[in-house]
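Working through the structure, step by step
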Amino acid sequence: PHVTGVAALLLSHEPNLTPEEVRTRLVRTSKPMSTLKGKTASNGLVNAYLALMNEQAPPDPNDPENWTNFQAVNIATEHPYKESTTQSWEIEIPGANQVAVLFENFKTEARYDVVTLTNRKGEKMGTFSGDMGQVWSSAVDGDYVKVTFKSDSSVNDFGFEIKKAGYR
């Protein structure tokens, strides 16, 4: 409904726009959000002001792809991973305020074989499952993140690899 409302507002401001021009404008002027990557057409939130002004939003500062500090990490499941298994790895980057991990070749049985990220307090900070290819996790506050993988007793897939962590 929000996108439809901004589209109507945009058309009332510029009635000669074609449907494709409206769609392109809404996607291009959306506010990028790393947590919405791959979940929305724009990878962000619709922004009425930017759509009306035809201006592009600045990059999301919370997106690990925009960070400049990285540390090599070597974490991986077996390929294919074993059934009915639980594995955990810890990443600690002293002095970091936030840590995110880059999953490469991520492919697990959707909803049944799951990776969970937790912070030092044991609070769940994110879950991943299914065929995600290459994807950054959300930022975890602090200098520590625990990666836990649990598989069930049925389909076994590739698993995942983590070769670097971003931090700031």
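If you're wondering where the values come from, they're calculated on a predicted model, not measured in any experiment.

Some thoughts on the overall build of the protein
Of the regular secondary structure elements, the protein holds three helices and eleven strands. Each helix (α) and strand (β) of the protein, taken in turn from the N terminus, gives the series α-α-β-β-α-β-β-β-β-β-β-β-β-β. For 168 residues, the compact-globule estimate of 2.2 N^0.38 gives 15 Å, and the protein exceeds it by more than 25% at 19 Å. Counting only C-alpha atoms, the protein reaches 60 × 40 × 25 Å along its principal axes.

Looking at the nonpolar core
What tends to happen in soluble globular proteins is that the nonpolar side chains get buried as a cluster. Formed by 22 residues in total, the largest nonpolar core has its most connected members in I91, V101, F103, V115, V147, F160 and I162. If you list the elements that add at least two residues to this core, you get β3 (69-76), β4 (86-92), β5 (98-107), β6 (114-118), β10 (144-150) and β11 (159-167). Among the elements that line this core, the one with the most residues is β5, at four residues. In contact with F103, not counting residues within four places along its chain, are V115, L117, F128, G133, Q134, V135, S137, F160, E161 and I162. Counting residues in hydrophobic clusters, the runner-up holds seven residues, among them V6, A7, V22 and A51.

Things to note about the pattern of salt bridges
Any two side chains of opposite charge can pair, given that their charged atoms come close. Under the defined criterion, the tally for this structure stands at five salt bridges. A salt bridge links R25 to E14, with the nearest nitrogen and oxygen atoms 3.0 Å apart. Residue R25 is found in helix α2 (residues 19-28), and its partner E14 is found in the loop between α1 (2-13) and α2; the two are separated by eleven residues along the sequence. For E14, a relative accessible area of 25% gives the class partly exposed. In this structure, R120 engages D143 in a salt bridge whose closest nitrogen and oxygen atoms are separated by 2.8 Å. Linking R120 in the loop between β6 and β7 (124-128) with D143 in the loop between β9 (140-141) and β10, this pair joins segments that are 23 residues apart in sequence.

Rules and cut-offs
- Residues numbered from 1 in each chain as written.
- Predicted model: local features only at pLDDT ≥ 70, side-chain atom pairs only at ≥ 80, totals over all residues.
- Heavy atoms only, no water.
- Helix = DSSP H or I, 4+ residues; strand = E, 2+ residues; numbered from the N terminus.
- Rg over C-alpha atoms; globule rule 2.2 N^0.38 Å.
- Core = buried A, V, L, I, M, F, W, Y, C linked by side-chain atoms within 4.5 Å.
- Buried < 20%, exposed > 50% of the residue type's maximum accessible area, 1.4 Å probe, protein only.
- Contact = heavy atoms within 4.5 Å.
- Salt bridge = Lys/Arg side-chain N within 4 Å of Asp/Glu carboxyl O.

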